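Understanding the architecture of this molecule
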There are 2 protein chains.
Amino acid sequence: MKIVNFHENVNVKRDVDSGTKEQQNSVLTIIKNVQEQGDQALLQYTKKHDGVDFQASELRVSEEEIKQAYHEVNSEAIEAIRLAIVNIRDYHERQVNQSWMTTKEDGTILGQKMTPLDSVGTYVPGGKAAYPSSILMNIIPAQIAGVKKIIMTSPPLSNGKLAAVVLVTANELGITDIYKVGGAQAIAALAYGTETIPKVDKITGPGNIYVALAKRAVFGTVDIDMIAGPSEIVILADEQANPRFIAADLLSQAEHDELASAVLVTPSEKLAKAVQEEVEEQLSRLPRKEIASQSIESYGRIYVVADILEGIHVVNQIAPEHLEVMTKDPLRLLGKIRHAGAIFLGEYSSEPVGDYFAGPNHILPTNGTARFSSPLSVEDFMKKSSVIFYTKEAFDHQAKHISTLARLEGLEAHARAIDIRLEEQS
Amino acid sequence: MKIVNFHENVNVKRDVDSGTKEQQNSVLTIIKNVQEQGDQALLQYTKKHDGVDFQASELRVSEEEIKQAYHEVNSEAIEAIRLAIVNIRDYHERQVNQSWMTTKEDGTILGQKMTPLDSVGTYVPGGKAAYPSSILMNIIPAQIAGVKKIIMTSPPLSNGKLAAVVLVTANELGITDIYKVGGAQAIAALAYGTETIPKVDKITGPGNIYVALAKRAVFGTVDIDMIAGPSEIVILADEQANPRFIAADLLSQAEHDELASAVLVTPSEKLAKAVQEEVEEQLSRLPRKEIASQSIESYGRIYVVADILEGIHVVNQIAPEHLEVMTKDPLRLLGKIRHAGAIFLGEYSSEPVGDYFAGPNHILPTNGTARFSSPLSVEDFMKKSSVIFYTKEAFDHQAKHISTLARLEGLEAHARAIDIRLEEQS
């Protein structure tokens, strides 16, 4: 892991894969076919890409499959999932914004009405590893927002089933409207609807390049969460921090994929060297060491800075998805941190604590977008409507100014909509 | 204006102009040149598109120009602008979400930190008509969010100046960092920065197709507000409503542009006919009657429904940008309205009241996106960061479940980041 002295600019931004022309075109074709042929297209693509030959009636997961899944997941896992659900619900319930109104003596009522989205579709990636935490983080905020219809889609395994832990996790959340469709065809189905899969208003959840391109293509027709970029962690630490903890946390990020970025920022040369050694040492024993070492090689950095304040400057420049602060009383620094998706304070707030369990959402702005974006939250599943109620009294007092502004903009019909209400009274 | 009986589906969606290949390419070229040549490119495009031959030093509006502008705007206008500012500030101040935290007995602290964006750029369209209300609606929420750096750009008139009312409005808000650049080159400058124009984190404000395409192109590098589609109004009214008011309000929407949509939904045949006549009658006397009649012809509709409940069903299907409810006690219906950007209740809550003066933002989700989007608000200029602080005690209690979940997902390094902290203690 390279140790570099900090000079003015740091940049760990990585190019987000926007797909090849071929990939883009095939995604557009898939979307078009699903729009035109509905279930038929889904069945064809599922046969082609997942090697499973379904009838339309088999697209939806059956109660039997869900019951069956519980036999394949051990009780420790189910207990951990249930405890995580409690924590994640508890945190997200605090995010709910209420509708509000304000009244004036002239009778005016102004307000902001909060309304949950009607329907949401969550995409769950298939493949070897299943990610129950992703299901919890996508669906719990929508449930707390009050979204009535929440459906899930995920590509079937070669045996025509979904991973047991995926079904168990969904069922623990009360989600039973689950479809065995993946890829761009699943996103198209959620955006436009088919005979079997209902159209939704918003699509969330991670996926491969085809899923990402499809989400980008249907954005506007429906809402989407975000196009997640590669994941990153920055750890800000001083000389008293534990190098073994830091190395382990850096590697937990690096094992995600080769584009992941793990960065240590510290004023301590001594700590820098110790972490460098620990990373080598721990890396050698990791099952996913190929991926992790590739990531450390390409995007792993140790920045040595003059002091903690300069370190914070570096952090704010990077605007990391995850920030760990392992310094003497880290809370003291919270006010100075402007740009980070999630902030982990102290040596026991390891990133995995937040990835799985603590409660805050793990779907976070990546690749520097924490400068202007936020973690996925309950708000992302509600929308606001302004409410305006004017009385005759309020109207009469203000009419003159309103028509003045309308005419200032050359919009005479706007002005006349005001004037006509004054005439009517005289 | 066509009267149609409602059957199952209504659709007033219009195609959003995504530009010709030529327009898309020229925008990408402009962005590239501004990135590479900075101010030089701005000056060239300003000469080419606006016919003004600036020095770099002239791009920024001078104090003198602002002082001058006050001589060209009458006092009624300035008074109206100042009163609008008071109302708009008052409403938006109520939108501010506070940072919060929660503590547990085991020492855990979880929180959500609200941070304003560092910098925002507002685009103000040029051309014949100036829109002071657009400046107020874009900038006031950013100021209340606490954004420190707010800059404005707008294309110069042929005399090398900006419209006086634009400068006065900006100055009334305390905005003096104003640049005379328009089109895609202005958006590129805000996204990447030049010698004269600083890079910002978010770009808001309406513009022509080139501005819209440029915003779409730089989205991701910076945040943007939205790509506004054509504007629409739906009025839900019963037999007691005043047809003259309704017609005037429909026309105030129709005069915006040929793509604007004005729709009346009513159970009353009698009202439908009366409004139809009134629209013809008032339309003939409008200065912008060509635009308005084109809009009414293409997208103006009167839907006759069985009753008010069916009317609300139609409204929720359309998810209009603006909704006026002119029925007997309209507040009674508020709970049933799920999808609308702004809801105007009662016969004195004419749309222009909200466009200019009442306080809520007039930048609203158009073309059906109110199903999942919200009015521009203070929140759009702040972002959240999750905060997680775990004590040793909290960690020790939960460590087992966290590593269980990590291993369930096949992420061993995540699990080891937990385990290593347990070893350290034993």
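Chain A is annotated in an unreviewed UniProt entry as Histidinol dehydrogenase of Alkalihalobacillus trypoxylicola. UniProt lists a comment for chain A under the heading Pathway (unreviewed entry), and it reads "Amino-acid biosynthesis; L-histidine biosynthesis; L-histidine from 5-phospho-alpha-D-ribose 1-diphosphate: step 9/9." Quoted straight from UniProt, the Sequence similarities (unreviewed entry) entry for chain A says "Belongs to the histidinol dehydrogenase family."

Note that Gln185 of chain A resides in helix α7 (residues 183–192). Not counting the four nearest positions on each side in its chain, Gln185 of chain A is found in contact with Ile30, Val34, Leu42, Tyr45, Thr46, His49 and Asp50 of chain A.

Within this numbering scheme, the UniProt entry marks Ser231, Gln253, His256, His322, Asp355, Glu409 and His414 of chain A as carrying the feature "binding site: substrate" (unreviewed entry). Across 184 residues of sequence, these annotated residues are also dispersed in space, with a maximum C-alpha separation of 56.2 Å. Relative to the helices and strands, Gln253 of chain A resides in helix α9 (residues 243–254). The residues touching Gln253 of chain A, leaving out its near neighbours within four places in the chain, are Ser231, Glu232, Ile233, Ala260, Ser261, Glu321, His322 and Glu351 of chain A. Beyond its immediate sequence surroundings of up to four residues, His414 of chain A is in contact with Ala406 of chain A together with Ser252, Glu255, His256, Pro352, Asp355 and Tyr356 of chain B.

The strand order β1(A)-β11(A)-β10(A)-β9(A)-β12(A)-β13(A)-β14(B)-β3(B)-β2(B) describes an open sheet built from nine strands, whose pairing is mixed. A single partner strand is all that each edge strand has here, and the edge strands are β1 (2–5) of chain A together with β2 (100–103) of chain B. Across the sheet, the axes of successive neighbouring strands diverge by a mean angle of 20°, strand direction being ignored. Pairing analysis gives four bridges linking strand β12 (residues 322–326) of chain A to strand β13 (residues 342–345) of chain A, with the strands arranged parallel. Across the sheet, His322 of chain A pairs through a bridge with Ala342 of chain A, a residue of β13 of chain A. Helix-sheet contacts for α9 of chain A involve β9 (232–237), β10 (261–266) and β12 of chain A, and the interaxial angle to β9 of chain A is about 165°.

Between chain A and chain B, the superposition needs a rotation of 180° and an axial shift of 0.0 Å, giving an RMSD of 0.0 Å. Taken together, the rotation and translation describe the operation of a two-fold axis. Considering only C-alpha atoms, the residue of chain A closest to the rotation axis is Asn97 of chain A, which sits at 4.3 Å.

What follows covers the interface of chain A and chain B. In this assembly, 120 residues from chain A lie in contact with 120 residues from chain B. Between chain A and chain B lies a buried interface of about 10500 Å² when both sides are counted; carbon and sulfur atoms form 59% of it. Area buried by chain A at its contact with chain B is led by Tyr348, Phe372 and Arg421 of chain A, which between them contribute 8% of it. At the surface where chain A touches chain B, the tally comes to 12 salt bridges. Our count for the contact surface shared by chain A and chain B stands at 64 residue pairs in polar contact (both at pLDDT 80 or more). A per-class count over the side of chain A that touches chain B returns 56 nonpolar, 34 polar and 30 charged. Where β13 of chain A lies against strand β14 (residues 382–389) of chain B, four bridges are found, and the strand directions are parallel.

Definitions and limits used
Throughout this description, residue numbers start from 1 for each chain and increase along the sequence as written. Naming scheme: in the order in which they are written, chains are lettered from A and ligands are numbered from 1. A pLDDT threshold of at least 70 governs which residues receive local features in this predicted model, and a stricter bar of 80 or more applies before side-chain atom pairs are shown or counted, although totals over entire chains, interfaces and linings include all residues. As a rule here, side-chain values cover all heavy atoms of the structure and leave hydrogens and water aside. UniProt positions are given in the numbering used here, feature names are shortened, and annotations may be inferred rather than shown by experiment. Note on conventions: DSSP H or I runs of at least 4 residues are helices, E runs of at least 2 residues are strands, and numbering of each starts at the N terminus. Working rule for contacts: check all heavy atoms of both residues, and any pair within 4.5 Å makes them a contact. By this definition, two strands are paired if DSSP reports at least two bridges between them. Working convention: axes come from line fits to C-alpha atoms, limited for helices to the stretch in contact. Angles between N-to-C directions cover 0 to 180 degrees. Residues reaching a pLDDT of at least 70 in both copies supply the C-alpha atoms on which the copies are superposed by least squares. The term buried area denotes the loss of accessible surface (1.4 Å probe radius) that occurs when two parts are joined, taken as the sum for both partners. Salt bridge, as applied in this entry: a Lys or Arg side-chain nitrogen positioned within 4 Å of an Asp or Glu carboxyl oxygen. Counting of polar contacts relies on pairs of N or O atoms within 3.5 Å, with two restrictions inside protein: one atom must be capable of donating a hydrogen and the other of accepting it, and residues adjacent in sequence are counted only when both atoms are side-chain atoms. Each residue is assigned to one of three groups, with Ala, Val, Leu, Ile, Met, Phe, Trp, Tyr, Cys and Pro labelled nonpolar, Asp, Glu, Lys and Arg labelled charged, and all others, Gly among them, labelled polar.

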